[in-house]
Amino acid sequence: MSTIRTESQSQPAANLTVTRIGAPVSILVIGGIVLVAAALRLLNLGTHGLWTDEFYSLDIARRGFAGIWETSRIDWHPPLFYWILSAVLEWLPATVENIRLAPAILGVAATALIGVYLTRRYGTIAGISGTLFLGLSTVQVYYAHEARSYTLSVVAVVLSLLA
């Protein structure tokens, strides 16, 4: 027995209508969320003193390019974060705020990049939602306040999605 399909039956069952927001509006909204994320990550960087792992990052970063490369042979963390931290400390004094500056900026970059990725891949609403989620995430804000490579890992993941 053969089945007769009507035109409406050949359409997908979940035909959802996606509301599109104009590009300038979505850029402003995502940009505003990124600014809030920047404020959350950059404010109070020096409220708490450094802890053991952050002193370890500082120690490695002070070894210079070749010393960081040499240390990476025995340390399981990739050297890129230490090179970034070393570059920051070449230009700025080694205060608690400056030591934590690179992870904070990387956290802001991750927020902006996830907005770009989700907007391109899934549309404006997804881009705004994802940017808001990552930008206001307490876990992401917490790790952006630590001189460790956690935020660099998030940036690397989002960049791999964009590639």
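What counts and how
- Residues numbered from 1 in each chain as written.
- Predicted model: local features only at pLDDT ≥ 70, side-chain atom pairs only at ≥ 80, totals over all residues.
- Heavy atoms only, no water.
- Helix = DSSP H or I, 4+ residues; strand = E, 2+ residues; numbered from the N terminus.
- Buried < 20%, exposed > 50% of the residue type's maximum accessible area, 1.4 Å probe, protein only.
- Contact = heavy atoms within 4.5 Å.
- Patch = residues over 30% accessible without salt bridge, like charges linked within 9 Å, V, L, I, M, F, W, Y side chains within 5 Å.
- Areas by Shrake-Rupley, 256 points an atom, 1.4 Å probe, with all protein chains shown as cover.
- Salt bridge = Lys/Arg side-chain N within 4 Å of Asp/Glu carboxyl O.
- Axes fitted to C-alpha atoms, helices over the stretch in contact; angles between N-to-C directions.
- Parallel < 35°, antiparallel > 145°, perpendicular 65-115°, else oblique.
- Left-handed = near helix turned anticlockwise from the far one by under 90°.
- Core = buried A, V, L, I, M, F, W, Y, C linked by side-chain atoms within 4.5 Å.

A. Region of the structure containing the overall build of the protein chain. Regarding its fold elements, the protein chain presents 9 helices and 0 strands. If you list the helices and strands of the protein chain from N to C, you get α-α-α-α-α-α-α-α-α. The buried share of the protein chain, taken over its 163 residues, is 37%. Sequence separation of 24 or more characterises 73% of the internal contacts of the protein chain that already satisfy a separation of 6 or more.

B. Expanded view of a nonpolar patch on the surface. Taken together, Trp51, Val139, Tyr142, Tyr143 and Tyr150 make up a surface patch of nonpolar side chains, about 480 Å² in accessible area. It is helix H8 (residues 138–144) that provides the largest number of residues to the nonpolar patch, a total of 3 residues. Relative to the elements of secondary structure, Trp51 occurs in the loop between helix H1 (23–42) and helix H2 (52–61).

C. Quick look at the packing of helix H6 (residues 101–122) against helix H9 (residues 150–162). With their axes 8 Å apart at the nearest point, H6 and H9 run at an angle of 25° to one another. For the element pair H6 / H9, the angle class is roughly parallel. Between H6 and H9 lies a crossing of left-handed hand. Contact with H6, carried on its side by Pro103, Leu106, Gly107, Ala109, Ala110, Leu113, Ile114, Val116, Tyr117 and Arg120, involves Thr151, Leu152, Val154, Val155, Val158, Leu159, Leu161 and Leu162 of H9 and no other residues of that element.

D. Region of the structure containing the pattern of salt bridges. Scanning all chains against the criterion turns up 3 salt bridges. Asp59 is the partner of Arg63 in a salt bridge, and the nearest nitrogen-oxygen pair spans 2.6 Å. Arg63 gets classed as partly exposed once you look at its relative accessible area, which sits at 40%. Note on Asp59: relative accessible area 38%, which makes it partly exposed.

E. Local environment of the nonpolar core. Among the nonpolar cores identified, the biggest contains 20 residues, and Leu58, Phe81, Tyr82, Leu85, Leu89, Ile99 and Ile114 are the most heavily contacted of them. At the level of elements, H2, helix H4 (80–91), H6 and H9 are the ones that each hand at least two residues to this core. With 5 residues, the top contributor of residues to this core is H6. In this structure Leu85 touches Ser57, Leu58, Ala61 and Ile99, once residues within four positions along its chain are discounted. In this structure, Ile33, Ala38, Val108 and Ile128 belong to the second largest nonpolar core, which totals 6 residues.

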